[in-house]
Structures are given as structure tokens and as C-alpha cells.
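Tertiary structure, described
Below, each chain spelled out in residue letters.
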Amino acid sequence: ISVNGEELKDIVAEILKLNPKPGDSGANNVKQMQVIPDFHIVKNDGVLILTLNSKNAPELRVSKSYQEMFQHYEKTTDKDKKLKEAVQFVKQKLDSAKWFIDAIKQRQQTLLKTMNAIMHYQYDYFLNEGDEKYLRPMILKDIADTIAMDISTVSRVANSKYVQTEFGTFLLKSFFSEAIQMEGGEEVSNKEVKKILEECIGNEHKQHPLADEKLAKILKD
């Protein structure tokens with residue numbers, strides 16, 4: 001086929017507009033949201049084992065070359081002004097690095113301490129693969145009192161951290177719930193009550209739904 005220069009330009013321009021991978025044309029428009037859990041809970045011979053995700057527990061250490069440099073400068077007897085400034089500079093960097101490492105370790109300890117308290121408070125729930133009838137009423141103050149930390153600290157952890165279990169991955173705040181007191185004085189989680197209602201409504205005859213009085217009687221029973 002014979003084409004002139006202008007026609008060839010138009011053809012090339014049209015080809016450049018085409019997608020070489022038409023099968024995944026929508027992939028770039030959809031952001032894949034993936035939750036990376038901060039903790040893992042596994043059951044081993046009837047015992048729950050809690051671990052911090054390794055991505056949240058980086059192994060940090062001070063550069064050996066900086067440490068050796070500082071030791072070398074410190075041993076030097078004849079220190080001029082520039083050398084003293086160098087020693088001071090290296091010392092500041094070492095102190096800053098050590099402070100940062102200590103801060104990361106303290107954060108990891110706070111995370112583990114908080115999740116460990118939640119796990120033990122809801123031990124039967126995790127042991128029974130998330131059966132909500134085992135979910136105890138639990139508020140932020142319960143955990144804060146257990147680990148002797150501020151409620152605000154527990155709230156920040158609960159609202160931003162996830163735990164992966166053998167029955168799913170959950171935001172920590174999903175394990176918190178208010179208490180409802182029964183006639184005998186025993187307390188149950190409002191989530192357990194909601195679960196019972198959900199099951200009743202889900203199983204009711206759609207043409208003849210359960211009356212409120214019937215639902216109330218089921219809950220009382």
C-alpha cells in the first residue's frame with residue numbers, strides 16, 4: 001500500500017493512542033486496597049499464640065562504621081578544633097540513632113502489650129473461631145486499666161491496627177462493645193444481642209415477619 005508522509009503521520013498518531021494491553025484497561029482505575037495485619041494470632045494445641053508482624057518489627061541497629069569512627073576520634077589525644085567538632089557531630093548522630101531505636105522498641109512493646117491484653121480479655125472468642133456468643137463486653141477503659149496506660153493510647157491502637165486470625169482479619173476496635181445487663185445481673189455484649197436479632201430476622205418468613213414482641217421474647221429467652 002502506498003501512503004504519503006502526512007498519511008503515515010496520521011497512522012502513527014492513531015497507533016500511539018491504542019492500548020497495547022486492552023485486557024487490563026480498567027486495572028489502573030481501580031485501587032487495590034489490601035489490609036496488612038499488624039498482629040497474628042494462631043491456635044496451637046488449644047493455646048493462642050500472639051506475634052507482631054515482622055514488618056512492624058524491623059531490626060534496627062547503629063552503623064558499625066559510625067561507632068568505630070567515634071571510638072577512633074575519642075582515643076585521639078591531640079584534638080584540634082575541627083576534630084573536636086567531628087567528635088561532637090558523630091556523638092550527636094549516635095545519640096539520635098539510639099533514641100530512635102529505643103522509640104521504635106517502645107512502640108512495639110506498647111502494641112504487643114495492648115493486643116495481648118485484648119486477646120486474653122477475649123480469649124474464648126478467639127479460641128472458638130470468632131463465635132460472637134463468646135465475645136465479652138469490653139470498653140477502652142478495661143484494656144487501659146489492664147495495661148496501665150491512657151485510654152487515648154488504647155484508642156489509637158484500636159482504631160488503626162489489624163489482627164489476622166485463622167477466621168479472618170479484623171480491626172481491633174471490632175472487639176470492643178458495650179454491655180447489656182440481663183435480669184439475673186449477668187452482662188452480655190450488645191454485639192451478641194445484635195447477632196441473635198440478625199439471625200432471627202434472617203431466618204424469618206418474609207411474608208410473615210416476626211413481630212417486635214416475638215423478637216423481644218426470643219431475646220428474653
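Report on the accompanying structure. (Residues numbered from 1 in each chain as written. Predicted model: local features only at pLDDT ≥ 70, side-chain atom pairs only at ≥ 80, totals over all residues. Heavy atoms only, no water.)

Below, the discussion takes up the pattern of salt bridges. Counted according to the given criterion, the structure contains four salt bridges. Of the charged contacts, one joins D38 and K161 as a salt bridge, the two residues approaching to 4.0 Å between their closest N and O atoms. Of this pair, D38 sits in the loop between α1 (5-17) and β1 (39-44) while K161 sits in the loop between α6 (151-160) and β3 (162-165); the two residues are 123 residues apart in sequence, bridging distant segments of the chain. Judged on exposure class, the residue D38 and its partner K161 are both buried. A salt bridge links D95 to K91, with the shortest nitrogen-to-oxygen separation between them at 3.0 Å. With D95 and K91 both in helix α3 (residues 81-121) and four residues apart, the pair spans about one turn of that helix. Classification of D95 by relative accessible area gives partly exposed; the value is 39%. In this structure K91 comes out as partly exposed when scored by relative accessible area, which is 37%. (Salt bridge = Lys/Arg side-chain N within 4 Å of Asp/Glu carboxyl O. Helix = DSSP H or I, 4+ residues; strand = E, 2+ residues; numbered from the N terminus. Buried < 20%, exposed > 50% of the residue type's maximum accessible area, 1.4 Å probe, protein only.)

Right, let's get into the packing of aromatic side chains. Tallying each qualifying case throughout the model produces seven aromatic pairs. With a centroid separation of 5.0 Å and 70 degrees between ring planes, the pair formed by F126 and F175 is classed as edge-to-face. Taken as a pair, F126 in helix α4 (residues 123-127) and F175 in the loop between β4 (168-171) and β5 (179-181) lie far apart in primary sequence, 49 residues in all. One exposure class covers both F126 and F175, and it is buried. (Phe/Tyr/Trp six-rings, centres within 6.5 Å; stacked < 30°, edge-to-face > 60°.)

Axis separation between helix α5 (residues 140-147) and α6 bottoms out at 9 Å; the angle between their running directions is 115 degrees. In terms of crossing hand, the pair formed by α5 and α6 is right-handed. Contacts between α5 and α6 involve L140, K141, I143, A144 and I147 from the former and I151, V154, S155 and A158 from the latter. Of the residues assigned to the contact of α5 with α6, the class counts are seven nonpolar, one polar and one charged. (Axes fitted to C-alpha atoms, helices over the stretch in contact; angles between N-to-C directions. Left-handed = near helix turned anticlockwise from the far one by under 90°. Contact = heavy atoms within 4.5 Å. Nonpolar A, V, L, I, M, F, W, Y, C, P; charged D, E, K, R; others polar.)

Our next topic: the packing of helix α7 (residues 190-203) against helix α8 (residues 212-220). When two helices pack together, you describe them by how their axes are tilted relative to each other and by the distance separating the axes. The geometry of α7 relative to α8 is characterised by a closest axis approach of 11 Å and an angle of 130 degrees between their N-to-C directions. Classified by the interaxial angle, the pair formed by α7 and α8 is oblique. Every pair of crossing elements has a handedness; the one defined by α7 and α8 is right-handed. Taken together, the residues of α8 that come into contact with α7 (itself represented by V193, I196, L197 and C200) are L215, I218 and L219. (Parallel < 35°, antiparallel > 145°, perpendicular 65-115°, else oblique.)

Read from one edge of the open sheet, four strands run β2-β1-β3-β4, paired in mixed fashion. Where the open sheet ends on each side, the last strands, each with one partner, are β2 (47-52) and β4. Averaged over neighbouring strand pairs, the angle between their axes works out to 25 degrees when direction is ignored. The pairing of β1 with β2 spans six bridges and is classified as antiparallel. Considered in β2, the bridge of I41 is made with L50. α3 rests against β1, β2 and β3 of the sheet, and its axis sits at about 155 degrees to β2. (Pairing = 2+ DSSP bridges.)

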